[in-house]
Amino acid sequence: MPKTAKATYYGAFADAVLDAQAAFRGLMDAMARPGRIHRFAELASPPAPLSPAQGTIALTLFDQDTPVHLTPALAASAVASWLSFQTGAPLTADRLQGRFALVEKGVAFPALSGFALGTQDYPDRSTTLIVELEALAGGPERCIAGPGIDGEATMAPIGLPEAFPALWAENGAQFPRGVDLILTAGDACLCLPRTTRLLG
Amino acid sequence: MDKPQPRTAFAPAKEPDTAQDAQAARRKRAMDSLARSDRGRLEAFLAREAADLEVHAVRGPETGLVMVRGRIGGGGAPFNLGEATMSRATIRLADGTIGHGQLLGSDRAHARLAAIIDALGQRADYAAQVNALVSAIEADLTAADERLAEETAATRVDFFTMVRGED
Amino acid sequence: MYVAVKGGETAIAEAHRLLADRRRGPRDLPSLTLAQIAGQLALAVDRVMAEASLYDPTLAALAVKQARGDMIEAIFLLRAYRTTLPRLAISQPLETAAMQIERRVSATYKDLPGGQLLGPTFDYTHRLLDPALAEAGDEAADVAAATRRPSSGERVMRVSDILDGEGLVEGDGHFGADHVAGDITREPLEFPMPRDTRLQVLARGDEGFLLSLAYSTQRGYARTHPFVGEIRIGLVEVEIDLPELGFAVSLGRLRITECQMVNQFKGSAKEPPQFTRGYGLVFGQSERKAMAMSLVDRALRAGEFGEDIVAPAQDQEFVLSHADNVQATGFVEHLKLPHYVDFQAELDLVRRMRADYEAKRADEASDEDAITSEAAQ
């Protein structure tokens, strides 16, 4: 009988239904307004190294039908059993099978093209990556444009790799296929759907 | 399309531990019986044995679906037969003991009671009472199965050979 | 142009009120309880569960009551309810070999381990209406308790295992190790469909539709020379893994019906002569459905055995696209909804075509008149 860490059973929403609904609404708005920082009001408390925002998104979006890919470090941590118990989502080691992928802070930014990009018929069958960064503001300013943005907007996360513009351009070139990105830091998130373009 | 893999999160390589295995077997036996017990019996047990228990909800109680699988030809590849309602609950006692309850159907209260008794069963001060309860439930379930088997056995065909017209 | 019209709101509300009244029926009679429906109309409840693809006798009884006994409406209600629930788990495959048997018969072997157990069957009844049930002759004391006889305790062996010993029957049906069972509640139907997914469609398919298809195979439309290897009805455990504990637990038991149909097969270039099999597995006590399902399952395997696909029951797309009675009733019944605008358009079209037609006929007639009068002159 495996010993399951106590942490598995803690850290869920105080109100499973209302908190998840509020988080969903916030996330939906954030996805509709790329680049805008959304701070979650009611937070989950997942085991480290998952951030509260990542845990909140997990409790809101993951379920039995969404296989989740974890980095090796996350898969070996208490996060794995926490996600299984709290969300019921199957965990997969195969990037292509993950409907979501979680990446903790401080590891190499994942190669986006290694994940599921969806198909021409079903572009929705792609991976949404949830990547924890140092911070969502205070870094080098980058101009973005695309659906949901009136003209141009800026974002300035800290922790994106230098090669990010190239990676993101490559992802955008696959349209309608491609991954969507949720950047998180602490209690906040910032969304970059595949339709958002980095300018310059 | 994405195909979920079997869960792998809880498969740490471990040495066989007979004490732990025996504990797991006892707990499974209890959970199986609690799921099939009459709910009133669980209520009565808790009222009698642990009336003022402090119980915190960890997950649920909630009702959802379990996809029931069959096997092609009875023993071949799995296929999805259809769903059944199931209810489950996970609770925590004041001392931190975690209990799980799960059963077919929509009776969330039953799932919660089963979870509480599962937690009590892990505690030295309640293990004997829970074991006694489980044994009593099992005895009733076995008696019901025997009854069903005997009623069915009464409809068994006893073939006999008619006198043959040889000689 | 579409013109939005309103109205009917009051009429609809009143229709619902009238429906509630008629559903309740004469008020001087007691209302049916769900326990009565589940206990005394158990096979109706079973059918609703099977075709709704949701096992829950209490909710199915409620659906039957609410639908006034209209089975497809009840199935629709339960199917709709199902969509409101999250999926919490996937069970381990049911072990039908370990069933608590309530009925088990084989048409292929007279003496077989476990015996022929007739169980609560309509077979061998005379199909004479019983006036005693119409009168007050159905009270607890009036109906004898079932007889009990010591059970042999013998293992009720699966007939397919017995046949398998001789190597004359194909195996249970396997896929490669990496095959994951398809799920039509998550993926749209795609053809050709693998057998596991087909069985899911058939298990929730309409009993009448499958029965007729099965019958058609017996009458020569894709004959498969079937024998009932075994039918078994009984209770099986539903087990799920609890990953946080590292072992599987039982959620309790449910009743299912299983049919193993054995079919003669003369062999092909790839396969030796042997018996092939069709499989039926259905929620509840649903013997007719399980048998029909196994016949249709076998017919749909025509391609696998290199048989010519010549009959409706062998046509995957035909069978599987039309087996679902909720879908079927939705599309058929939608025709009664207002189609005023569509019909106006069609009416206009037919009027114009008719006018053209009349004009053409008039032209031809006047030409003929002209010819006739010319000839007369």
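Conventions and cut-offs
Residues take numbers from 1 onward in each chain, read along the sequence in its written order. As they are written, the chains are lettered A onward and the ligands numbered 1 onward, keeping that order. A pLDDT threshold of at least 70 governs which residues receive local features in this predicted model, and a stricter bar of 80 or more applies before side-chain atom pairs are shown or counted, although totals over entire chains, interfaces and linings include all residues. The side-chain quantities take in all heavy atoms of the structure and omit both hydrogens and water. Note on definitions: a residue-residue contact is assigned when non-hydrogen atoms from the two residues lie within 4.5 Å. When two parts are put together, the accessible area they lose, computed with a 1.4 Å probe and summed over both, is reported as buried area. Definition used for salt bridges: Asp or Glu carboxyl oxygen within 4 Å of a side-chain nitrogen of Lys or Arg. In protein, a polar contact requires one atom able to donate a hydrogen and another able to accept it; more generally it is a pair of N or O atoms within 3.5 Å, and residues adjacent in sequence count only if both atoms are side-chain atoms. Partly exposed describes any residue whose relative accessible area lies between the buried limit of under 20% and the exposed limit of over 50%, with all areas from a 1.4 Å probe on protein chains only and scaled to the type maximum. Helix and strand assignments come from DSSP, with helices taken as H or I runs of at least 4 residues and strands as E runs of at least 2, each series counted from the N terminus. Strands are labelled as partners when DSSP assigns at least two bridges between them. Each residue gets one of three labels, nonpolar for Ala, Val, Leu, Ile, Met, Phe, Trp, Tyr, Cys and Pro, charged for Asp, Glu, Lys and Arg, and polar for the others, Gly among them.

Caption draft 1: The arrangement of the interface of chain C and chain B in detail. Taken together, the contacts link 80 residues of chain C with 60 residues of chain B. Together, L88(C), R149(C) and L251(C) form the three largest contributors to the area buried by chain C at its contact with chain B, with a combined 12%. The tally of links from chain C across to chain B stands at 8 salt bridges. Across the pair E150(B) and R148(C) runs a salt bridge whose closest N-O atoms are separated by 3.0 Å. Counting the contacts that link chain C with chain B gives 35 residue pairs in polar contact (both at pLDDT 80 or more).

Caption draft 2: Quick look at the pairing of strand β5 (residues 247-265) of chain C. Residues and elements named next belong to chain C. Of all 19 residues in β5, 16 are buried, a share of seventy percent or more. Pairing geometry for strand β4 (residues 226-242) and β5, over 15 bridges, is antiparallel. Directly across from E239, in β5, lies its bridge partner S250. As consecutive antiparallel partners, β4 and β5 are separated by 4 residues, and within that stretch G246 has a phi angle of approximately 85°, a positive value.

Caption draft 3: View of the interface of chain C and chain A. Listed as interface residues are 11 residues of chain C and, on the opposing side, 9 residues of chain A. Note on chain C versus chain A: buried area summed over both sides is about 810 Å², and carbon and sulfur give 48% of it. Along the contact surface separating chain C from chain A lie 2 salt bridges. Salt-bridge contacts for R186(C) lead to D65(A); the nearest nitrogen and oxygen are separated by 2.6 Å. In this structure, the connection of chain C to chain A is made through 1 residue pair in polar contact (both at pLDDT 80 or more). With 4 residues, the single largest contributor to the side of chain C that touches chain A is strand β2 (residues 87-90) of chain C. In terms of residue class, the side of chain C that touches chain A is built from 6 nonpolar, 1 polar and 4 charged.

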